Amino acid sequence: MSEKHDAPGIPTTGHVWDDDLADLTNPPPKWWMLGLAASALFCVVYFIYYPSFPISSTGSFTKGIGGWTAIKEMEADKGEVDAVRGKFETRLKGLTPAAILADSELTEYVKRSGKVLFGDNCAACHGQNGIGTHDKQGLFAPILNDDDWLYGGKIEEIHASIENGRQGMMMAGKDMLSATEIDTLANAVAKGQPNATPLFAEKGCTGCHGPDGKGIQAMGSANLTDKVWRFDSSVEGIKYTISYGVNSGDPKARVAVMPNFKEAGKLSDAELKKLAVYVYKFGGGQADAPAASKAPEAGVAK
Ligand code: HEC
Ligand code: HEC
């Protein structure tokens, strides 16, 4: 170690390496010192103004003189959101679902805000975004994002389904039909040609499913010609449906009940309207205008 280095006259800390690499005691630049003082001052002010220092192990702390709390900040933010929502919600209240649908700004609002409402109340049975649960839970709730409807896909019909609930009924056939008759009917239905057997009309199936077997929307009776299945598409499965019926009261009946949300009182009128628009906007909603313009798609599950 020696005192030889490039800046003679400036004292060193005493650390010199390789004779010419020395640790000088120059003061740091002024701007840097000012910055240091300013940040120290900032810390002191911040500590006094905001809640900062823990005082005890029970969780108390210095509250700060500014009165800031995380809760107050959150409430202020929420207030802003509520103010924006409030405008839309007030407009919604006075409108029918069809009128909401006609207003693109409101529809956009419902599309975004309806997600939670649908998720909380409907998705357990109908699946997120109405894609269905594919009967994993045996709830037999129909898919809502296609254009195949039991009770109709017009906005008023969807609204009525949600408000009042739906419960199709088909009686158990096992006491009225012989095993051979059930077999014949099931095979014809499985092919999508219920009228291939005269039994379909003779045994009164046409009374609910219509003379052409295409279903009657007022009854929610399934279309038996489109190969879109509510329950089970196998011949065995169809025999089961015909034997025990749907919501028939028979202990083995297929059960498919859409709850009555208005009666349950859990959802407000505005929420029921929002849900109707939300479901319509899954993409399967049908306009009032030329009804016959769109051919029903076959081969999709209901
Ligand atoms: C407990 C399960 C369940 C819940 C919860 C439920 N649904 Fe349903 N939903 C059903 C079933 C089952 C049907 C079919 C009823 C039938 O077959 O007669 C149905 C039918 C419908 C229909 C008529 C579909 C058509 O093809 O015509 C609509 C629309 C509907 N639900 C919307 C909703 C909305 C919106 C919610 C939430 C507010 C909801 N559902 C909650 C089970 C449920
Ligand atoms: C009282 C009215 C009524 C009568 C009579 C009736 N059905 Fe039904 N049927 C329904 C309803 C309603 C549904 C749909 C239930 C639902 O989806 O909740 C249905 C559903 C079905 C299904 C299930 C379709 C699917 O997509 O899984 C089959 C199969 C069926 N009916 C066959 C028959 C046959 C065969 C007869 C005559 C023996 C018959 N039905 C008589 C009302 C009836």
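Here, every reference points to the structure presented above.
Just so it is clear, the model here is predicted, and its values are computed rather than measured. (Residues numbered from 1 in each chain as written. Chains lettered and ligands numbered in written order. Predicted model: local features only at pLDDT ≥ 70, side-chain atom pairs only at ≥ 80, totals over all residues. Heavy atoms only, no water.)

## Concerning the overall build of the chain
Turning to step 1, where the next piece is worked out: Each helix and strand counted, the chain has 12 helices and two strands in total.
Turning to step 2, where the next piece is worked out: Seen in sequence order, the chain has helices and strands lined up from the N terminus as β-β-α-α-α-α-α-α-α-α-α-α-α-α.
Turning to step 3, where the next piece is worked out: Taking 19 Å as the expected radius of gyration for a compact globule of 302 residues, we find that the chain reaches 36 Å, considerably beyond that expectation.
Turning to step 4, where the next piece is worked out: Along the longest, intermediate and shortest principal axes, the C-alpha atoms of the chain span 120 × 55 × 45 Å.
Turning to step 5, where the next piece is worked out: Here the analysis covers contacts within the chain between residues at least 6 apart in sequence; of these, 53% occur between residues at least 24 apart.
Turning to step 6, where the next piece is worked out: Carbon and sulfur atoms make up 60% of the accessible area of the chain, which amounts to about 18400 Å² in all.
Turning to step 7, where the next piece is worked out: Measuring between centres, the 31 positive side-chain charges of the chain sit 6 Å from its 37 negative side-chain charges. (Helix = DSSP H or I, 4+ residues; strand = E, 2+ residues; numbered from the N terminus. Rg over C-alpha atoms; globule rule 2.2 N^0.38 Å. Contact = heavy atoms within 4.5 Å. Areas by Shrake-Rupley, 256 points an atom, 1.4 Å probe, with all protein chains shown as cover. Lys, Arg positive; Asp, Glu negative; His and termini not counted. Charge placed at Lys NZ, Arg CZ, Asp CG, Glu CD.)

## Considerations on the coordination of the iron atom of ligand 2
Turning to step 1, where the next piece is worked out: Bound to the iron atom of ligand 2 on the protein side are Met 170 (SD) and His 209 (NE2), at distances that span 2.0 Å.
Turning to step 2, where the next piece is worked out: Note that the iron atom of ligand 2 binds six donor atoms; their angles at the metal cover 89 to 179°, and the shape is octahedral. Taken together, the residues Met 170 in the loop between α6 (155-164) and α7 (179-190) and His 209 in helix α9 (residues 206-209) connect sequence positions 39 residues apart. (Donors = N, O, S within 2.8 Å, 3.2 Å for Na, K, Ca; no water. Tetrahedral: all angles 85-135°; square planar, octahedral: opposite > 155°, others 65-115°.)

## Comments concerning the coordination of the iron atom of ligand 1
Turning to step 1, where the next piece is worked out: Distances from the iron atom of ligand 1 to its protein donors, namely His 126 (NE2) and Met 258 (SD), fall within the range 2.0 Å.
Turning to step 2, where the next piece is worked out: Coordination at the iron atom of ligand 1 is octahedral: its six donor atoms span angles of 88 to 180° at the metal. Residue His 126 is located in helix α5 (residues 123-126), and its partner Met 258 is located in the loop between α10 (235-244) and α11 (261-264); the two are separated by 132 residues in the primary sequence.
Turning to step 3, where the next piece is worked out: With relative accessibility at 21%, the residue Met 258 sits in the partly exposed group. (Buried < 20%, exposed > 50% of the residue type's maximum accessible area, 1.4 Å probe, protein only.)

## Concerning the pattern of salt bridges
Turning to step 1, where the next piece is worked out: Taken as a whole and assessed by the stated rule, the structure comprises 11 salt bridges.
Turning to step 2, where the next piece is worked out: Residue Glu 181 is joined to Lys 203 by a salt bridge in which the shortest nitrogen-to-oxygen separation is 3.4 Å. With Glu 181 in helix α7 and Lys 203 in the loop between α8 (199-202) and α9, this residue pair connects regions lying 22 residues apart in the sequence.
Turning to step 3, where the next piece is worked out: Under the relative-accessibility criterion, Lys 203 is labelled partly exposed at 37%.
Turning to step 4, where the next piece is worked out: Linked through salt bridges whose partners overlap, the residues forming this network are Arg 91, Asp 103 and Glu 105. (Salt bridge = Lys/Arg side-chain N within 4 Å of Asp/Glu carboxyl O.)

## Some thoughts on the packing of aromatic side chains
Turning to step 1, where the next piece is worked out: Counted by the stated rule, this structure contains 11 aromatic pairs.
Turning to step 2, where the next piece is worked out: When the ring of Phe 47 is compared with that of Phe 53, the centres are 5.6 Å apart and the planes differ by 55°; the resulting orientation is tilted.
Turning to step 3, where the next piece is worked out: The exposure class of Phe 53 is partly exposed, given its relative accessible area of 49%.
Turning to step 4, where the next piece is worked out: Ring geometry for Tyr 278 versus Phe 282: centroids 5.1 Å apart, planes at 70°, classification edge-to-face. For the pair Tyr 278 and Phe 282, a shared accessibility class is recorded, and that class is buried.
Turning to step 5, where the next piece is worked out: Taken together, the ring pairs connect Phe 42, Tyr 46, Tyr 49, Tyr 50 and Trp 68 into an aromatic cluster.
Turning to step 6, where the next piece is worked out: Lys 63 extends its terminal NZ or CZ atom over the ring of Phe 61, reaching a point 4.4 Å from the ring centre. (Phe/Tyr/Trp six-rings, centres within 6.5 Å; stacked < 30°, edge-to-face > 60°. Lys NZ or Arg CZ within 6 Å of the ring centre and 35° of its normal.)

## Observations concerning the side chain of Asp 226
Turning to step 1, where the next piece is worked out: Among the secondary structure elements, Asp 226 is positioned in the loop between α9 and α10.
Turning to step 2, where the next piece is worked out: A polar side-chain atom of Asp 226 sits 3.0 Å from the main-chain amide nitrogen of Val 228. (Polar contact = N/O pair within 3.5 Å; in protein donor to acceptor, adjacent residues only side chain to side chain.)

## Some points on the site of ligand 1
Turning to step 1, where the next piece is worked out: Residues in close proximity to ligand 1 total 27 residues, the closest being Cys 122, Cys 125, His 126, Tyr 151 and Met 258.
Turning to step 2, where the next piece is worked out: In this structure, an oxygen atom belonging to ligand 1 sits 2.5 Å away from a side-chain N or O atom of Tyr 151.
Turning to step 3, where the next piece is worked out: The separation between an oxygen atom of ligand 1 and a polar side-chain atom of Arg 230 is 2.8 Å.
Turning to step 4, where the next piece is worked out: Taken together, the elements giving at least two residues each to the shell around ligand 1 come down to α5, α6 and α12 (269-280).
Turning to step 5, where the next piece is worked out: With three residues, α6 is the largest single contributor of residues to the shell around ligand 1.
Turning to step 6, where the next piece is worked out: When the residues that make up the shell around ligand 1 are grouped by side-chain class, the tally is 19 nonpolar, six polar and two charged. (Near = heavy atom within 4 Å. Nonpolar A, V, L, I, M, F, W, Y, C, P; charged D, E, K, R; others polar.)

## Considering the site of ligand 2
Turning to step 1, where the next piece is worked out: Close contacts around ligand 2 come from 25 residues, with Met 170, Cys 205, Cys 208, His 209 and Arg 230 the closest.
Turning to step 2, where the next piece is worked out: At 2.8 Å, a side-chain N or O of His 209 approaches a nitrogen atom of ligand 2.
Turning to step 3, where the next piece is worked out: Residue contributions to the shell around ligand 2 peak at three residues, all from α10.
Turning to step 4, where the next piece is worked out: Within the shell around ligand 2, the residues separate by chemical class into 18 nonpolar, six polar and one charged.

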